[in-house]
Amino acid sequence: ASFFITYVLTSGWASLSSELMQLFGLIYNFIRKYVLRMKEDTEFVPSFPYHTEVPKVLLFGLLGFTCSVLAPLILPFLLVYFFLGYVVYRNQLLNVYRTRYDTGGLYWPIIHNTVIFSLVLTQIICLGVFGLKVSPVAAGFTIPLIIFTLLFNQYCRTRLLPLFSTFP
């Protein structure tokens, strides 16, 4: 548990602060504007790096789900990470990055599948922990929870997934 807490502190909180500062962009714009005396150009405004930021947030969500049973001490650190992440990414998306394309909601199935996978993995870990601690009542109540989670996933797939395969 201490490894994952340290990982959240070093990778999560440090990446949020570096995302907010963007030191390379600051130095580049300073040199371009004041040393080279060039005008600001909106052509060089960066777009949001989805390929690096979204998997990091999903990984921290998975860590929160799976470690909450065995080591709940990680939860306050993840809560602070998600709160700061909301503030930082909201600012960056609204004021810093330029939207070059719109996904049209195609990220929803990916996020939904990842959350369902995290929940089922957490419930299987709970089942194993309750089995090792010889708690048949808790293990017995965990099995229907896994089944209901998978049924909810199937309901969402049949009800909502066709909405994302066709666009208006």
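Residues numbered from 1 in each chain as written. Predicted model: local features only at pLDDT ≥ 70, side-chain atom pairs only at ≥ 80, totals over all residues. Heavy atoms only, no water.

A. Representation of the UniProt feature "transmembrane region" (unreviewed entry) in the protein within the structure. Within this structure's numbering, the places UniProt gives as "transmembrane region" (unreviewed entry) are residues 57-86, 106-130 and 137-155. The distance separating the terminal C-alpha atoms of residues 57-86 is 11 Å; by composition the span is 90% helix and 0% strand. Here residues 106-130 is 96% helix and 0% strand, with 37 Å between the C-alpha atoms at its ends. (UniProt positions renumbered as here; feature names shortened; annotations may be inferred. Helix = DSSP H or I, 4+ residues; strand = E, 2+ residues; numbered from the N terminus.)

B. How the structure looks around the packing of helix α3 (residues 50-70) against helix α4 (residues 74-96). In contact at an axis separation of 10 Å, α3 and α4 are set at 155° when each is read in the N-to-C sense. For the element pair α3 / α4, the angle class is roughly antiparallel. α3 and α4 meet at a crossing whose hand is left-handed. Where α3 abuts α4, its residues Glu 53, Lys 56, Val 57, Phe 60, Gly 61, Leu 63, Gly 64, Cys 67 and Ser 68 lie against Ile 74, Leu 75, Leu 78, Tyr 81, Phe 82 and Tyr 89. Partitioned by chemical class, the residues of the contact of α3 with α4 number ten nonpolar, three polar and two charged. (Axes fitted to C-alpha atoms, helices over the stretch in contact; angles between N-to-C directions. Parallel < 35°, antiparallel > 145°, perpendicular 65-115°, else oblique. Left-handed = near helix turned anticlockwise from the far one by under 90°. Contact = heavy atoms within 4.5 Å. Nonpolar A, V, L, I, M, F, W, Y, C, P; charged D, E, K, R; others polar.)

C. Fine view of the domain arrangement of the protein. Taken as a whole, the protein is organised into domain 1 (1-50 + 72-101) and domain 2 (102-167). Relative to domain 2, the C-alpha centre of domain 1 lies at a distance of 30 Å. (Domains from an automatic or database assignment.)

D. Just unusual backbone geometry, in detail. Of note, the phi angle at Arg 37 is positive, near 55°, even though the residue is not glycine. Relative to the assigned elements, Arg 37 resides in the loop between α2 (23-35) and α3. Its identity as a non-glycine residue notwithstanding, Val 134 has a phi of 55°, on the positive side. Within the secondary structure, Val 134 is located in the loop between α5 (107-132) and α6 (136-165). Given the relative accessible area of 68%, Val 134 is considered exposed. (Buried < 20%, exposed > 50% of the residue type's maximum accessible area, 1.4 Å probe, protein only.)

E. How the structure looks around a nonpolar patch on the surface. A grouping of Met 21, Leu 23, Leu 26, Ile 27, Phe 30, Ile 31, Tyr 34, Val 35, Leu 36 and Met 38 is seen on the molecular surface, where their side chains present a nonpolar patch of about 1000 Å² in accessible area. Broken down by element, the nonpolar patch gets its largest block of residues, seven residues, from α2. As for its position among the elements, Ile 27 is in helix α2. (Patch = residues over 30% accessible without salt bridge, like charges linked within 9 Å, V, L, I, M, F, W, Y side chains within 5 Å. Areas by Shrake-Rupley, 256 points an atom, 1.4 Å probe, with all protein chains shown as cover. Salt bridge = Lys/Arg side-chain N within 4 Å of Asp/Glu carboxyl O.)

F. Looking closely at the layout of surface pockets. Its boundaries defined by the atoms lining it, the largest pocket holds a volume of some 610 Å³. Along the wall of the largest pocket there are 21 residues; nearest its centre are Gly 25, Tyr 28, Asn 29, Phe 44 and Pro 46. Ranked by residues supplied to the lining of the largest pocket, first place goes to α2 with eight residues. Residue composition of the lining of the largest pocket, grouped by class: eleven nonpolar, five polar and five charged. Of all elements in the fold, only α3, α4 and α5 reach the threshold of two or more residues within the lining of the second largest pocket. Counting residues per element, the lining of the second largest pocket draws most heavily on α4, which supplies six residues. Residue composition of the lining of the second largest pocket, grouped by class: twelve nonpolar, one polar and one charged. (1 Å grid on protein atoms, 1.4 Å probe; cavity = no way out; pocket = protein on both sides within 12 Å on 5 of 7 lines; lining within 4 Å. Points joined across faces, edges and corners; volume = space filled by probe spheres on them.)

G. A look at the packing of aromatic side chains. Scanning the entire structure with this criterion turns up twelve aromatic pairs. With a centroid separation of 5.4 Å and an interplanar angle of 80°, the aromatic rings of Phe 48 and Tyr 97 are classed as edge-to-face. Separated by 49 residues along the polypeptide, Phe 48 in the loop between α2 and α3 and Tyr 97 in the loop between α4 and α5 bring together distant segments of the chain. Summarising the aromatic geometry, the rings of Tyr 50 and Tyr 107 are spaced 5.6 Å apart at their centres and angled 40° between planes, so their arrangement reads as tilted. Remark: Tyr 107 occurs in helix α5 and Tyr 50 occurs in helix α3; sequence separation between them is 57 residues. By relative accessible area, which is 29% here, Tyr 107 ends up partly exposed. One aromatic cluster is present, formed by Phe 3, Phe 4, Tyr 7, Phe 60, Tyr 81 and Phe 82 through successive ring pairs. (Phe/Tyr/Trp six-rings, centres within 6.5 Å; stacked < 30°, edge-to-face > 60°.)

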